[in-house]
Structures are given as structure tokens and as C-alpha cells.
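Breakdown of the fold
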Amino acid sequence: LEVEGVNVVTGKEVDAAFAHEEKPDVVIVSTGSKRPGLAASGSSATPVIGVTDSLSAEIGNNVVAVLGFNAQTVDTAHYLTAQGKKVTIVSDEPEEAFGTGQSMMLDKFVEPVFLAAGGSVRSESKLKSVGDGEVVLTTSFGVDITVPCYCVVDASNMVAGTSVGSLIGACYALGYKSDEVLEY
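I will try to describe carefully the structure that is included in this document. (Residues numbered from 1 in each chain as written. Predicted model: local features only at pLDDT ≥ 70, side-chain atom pairs only at ≥ 80, totals over all residues. Heavy atoms only, no water.)

Notes on the overall build of the protein chain
Test applied: Note on conventions: DSSP H or I runs of at least 4 residues are helices, E runs of at least 2 residues are strands, and numbering of each starts at the N terminus. Exposure categories follow from relative accessible area, calculated using a 1.4 Å probe and restricted to protein chains: below 20% of the type maximum is buried, above 50% is exposed, and the middle band is partly exposed. Contacts between residues were defined by any pair of non-hydrogen atoms, one from each residue, lying within 4.5 Å. Each accessible area is a Shrake-Rupley result for a 1.4 Å probe, and residues are judged covered by the shown protein chains and nothing else.
A count of helical and extended segments in the protein chain gives 4 helices and 12 strands. When burial is assessed residue by residue, the protein chain has 33% of its 184 residues classed as buried. Long-range contacts, defined here as pairs at least 24 residues apart, represent 59% of the contacts in the protein chain between residues at least 6 apart. When the accessible area of the protein chain is evaluated, it comes to approximately 11300 Å², of which 52% is carbon and sulfur surface.

Shown next, in the form of C-alpha cells:
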């Protein structure tokens, strides 16, 4: 960028005062993303844990639900399947969104292996409630389905960090789909 005459500033804490002082044409701030809070509260027999905790958590019983449809969801589901767990992936997104961000091998290898190992996918379904040893899912048709479950791993999509952008004006965040740009 500097070759083209763009002034690149790194290692500087960006706040509204800095942006107003410099008066740049454009400010690009890498704010990363964050996980929203857990999708639900667990019960004594069915805890709800975050995806980062799933690697070290003691997940006793073999029946687990993983929330989300992204690459971390798929990787977590495979990891738990390799641990001998029976895994159901749950997402309110359509089936075509399964494995968003995953490699092109998803359709040819990853998903068939997961399904062959006894995994299941519940697309267009939402977690309604968590009970002792079960979860209730609501399908896109409004039908509630009770599924055995002794642990819920929340690997839901992360949300763009926009706090700095809101201080300096318009903020644009690239979404997880290549054609998606969100304005805040």
C-alpha cells in the first residue's frame, strides 16, 4: 500500500480522537470478531459449554449437540465423534450453509465420514430448550423435536467486532460469505 502513496499506520491505538485528528479518507481497523453469549442455559444433566471449552471439558455421556454450521462446528463435531460421542449438529441455517468456511473437501469427504460415523445434521432448526438428558429443537415448520443430549457445545457463528468503528463513523465488516459486507 505504501508504494501507492497510502499512509499505513500500525501499532497505534485507534480511537475517535485519533481519527478526527488525522482526518483520513478511509480508516481500516482490524477489530476481529467475538462470540456471542451462550445460546442457552444448561441443566444439571445437560451443560451448555462454549466451543473453546469443548476441548478440555469432561463430556461424560456419549450424546452431544453442537450448535452452528461453520468450520469450527464441523471440526468440533469430528473431534467429538473421534472421542466416541454421538453428535447432532444443529443450526437455523439452510443445509447449503453447512460447513461455511470449511475446505472444498467438505462434500466429498468430511460430511460423508461424519454421517457414516453416526453423526446427524439438523438444519433449519433452533435450540428451544435444554432439559435433563435432552434438548428440544424447533424446526422451520414450527414442529418441536425432542432429541437425547447430555451436553451442548455452542459453536455458533462469531459476530464482527464493531465497537471502534462506531466511535469513528461508518464501519464495514466483511462477513463470512465472500459477497457479504455488513454496514454498521
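Structure's up, so let's keep going.
Considerations on the sheet that holds strand 9 (residues 151-154)
Quick note on the threshold: Strand pairing is assigned whenever DSSP identifies at least 2 bridges connecting the two strands. For helices, the axis comes from a line fit to the C-alpha atoms of the stretch in contact; other axes are also lines fit to C-alpha atoms, and the angle between any two N-to-C directions lies between 0 and 180 degrees.
Across the sheet, 5 strands lie side by side as 2-9-3-4-5; this open sheet has parallel pairing. Each edge of the open sheet carries a strand with a single partner, namely strand 2 (48-50) and strand 5 (120-122). If you compare each strand with its neighbour and ignore which way they point, the axes differ by 25° on average. Taken together, the 5 bridges between strand 3 (residues 63-67) and strand 4 (residues 86-90) define a ladder with parallel strand orientation. Across the sheet, the residue bridging to Val66 is Ile89, located in strand 4.

With respect to the sheet that holds strand 6 (residues 125-131)
A sheet is described by the order of its strands in space; here 3 strands give the open sequence 6-7-8, paired in antiparallel fashion. The open sheet terminates on both sides in strands that have one partner only, identified here as strand 6 and strand 8 (144-148). When the angles between neighbouring strand axes are averaged without regard to direction, this sheet yields 30°.

A short note on the pairing of strand 9
Burial of the side chains of strand 9 extends over both faces: Cys151 and Val153 are buried on one face and Val152 and Asp154 on the other. Pairing of strand 2 with strand 9, which is carried by 3 bridges, proceeds in the parallel orientation. Its bridge partner being in strand 9, Gly50 is matched across the sheet by Asp154. Judged from the 4 bridges that link them, strand 3 and strand 9 form a sheet pairing that is parallel. Residue pairing in the sheet places Val66 in a bridge with Val153 of strand 9.

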